[in-house]
Amino acid sequence: MSMRKAYLFDRSLWYAFASYFLFFVGLFDLMRYGTLNNAIMILAGVTGIISGVSTSFHTSDIFNCISVHLYFLHGINMICRKDHYVGWQKLFRLSDVLFLSGSMVYIFDSYAWLNGARGTRFYVTDIIAAFIWLGSSVLDIGSEIYFLPSEDDQEDVLGCYIERV
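Overview of the structure. Just so it is clear, the structure is predicted and the values come from calculations on it, not from any experiment. (Residues numbered from 1 in each chain as written. Predicted model: local features only at pLDDT ≥ 70, side-chain atom pairs only at ≥ 80, totals over all residues. Heavy atoms only, no water.)

**Here's the deal with the environment of Y123**
Logical step 1: Its place among the elements puts Y123 in helix α5 (residues 120-146).
Logical step 2: Sequence separation between Y123 and D109 is 14 residues, and the spatial gap between their C-alpha atoms is 8.9 Å. (Helix = DSSP H or I, 4+ residues; strand = E, 2+ residues; numbered from the N terminus.)

**Structural notes on the packing of helix α4 (residues 91-114) against α5**
Logical step 1: Where α4 meets α5, the axes come as close as 8 Å, and the angle between the chain directions of the two elements is 160°. With respect to α5, the axis of α4 lies roughly antiparallel. Taken as a pair, α4 and α5 cross one another with a handedness that is left-handed.
Logical step 2: Broken down by class, the residue content of the contact of α4 with α5 amounts to 17 nonpolar, eight polar and four charged. (Axes fitted to C-alpha atoms, helices over the stretch in contact; angles between N-to-C directions. Parallel < 35°, antiparallel > 145°, perpendicular 65-115°, else oblique. Left-handed = near helix turned anticlockwise from the far one by under 90°. Nonpolar A, V, L, I, M, F, W, Y, C, P; charged D, E, K, R; others polar.)

**Observations concerning the pattern of salt bridges**
Logical step 1: Scanning the model with the defined rule gives three salt bridges in all.
Logical step 2: Its salt-bridge partner being D96, residue R81 comes within 2.9 Å of it at the nearest N-O pair. Taken together, the residues R81 in the loop between α3 (57-79) and α4 and D96 in helix α4 connect sequence positions 15 residues apart.
Logical step 3: The exposure class of R81 is partly exposed, given its relative accessible area of 36%. (Salt bridge = Lys/Arg side-chain N within 4 Å of Asp/Glu carboxyl O. Buried < 20%, exposed > 50% of the residue type's maximum accessible area, 1.4 Å probe, protein only.)

Now the structure itself:
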């Protein structure tokens, strides 16, 4: 197997793997918040999974293009939320900006892949976008853990969540 095919195979597996996680994040957030934005995340995850497991490069590229546009739409919705962050909570907003930025890089990449462009520079942009999304995830998870409600408020949060489900 050539280096190019090996890279494309690995890329597809990692993309499908990441899409599974984003699908479940969207599903759990849909159960928790019940917003259309989370449904967009689920749809993006499904199209990403299809892209990752597709055996045809062209079909994979088409579903990848759809998926990254849905992630981009999700990122725009996150930026447009009317959250009022103060102090270090603004890390949530930085995480949203990184998610949107990673989506923009992936959109550029998806059009290049659709047009048959291959080469080192496109592999590098894949890696750059992956690290941008990794930074977004780390910031978001760290911020969620740091700014979780106190133990007294935790029962109320859990109670509201159970009532909603």
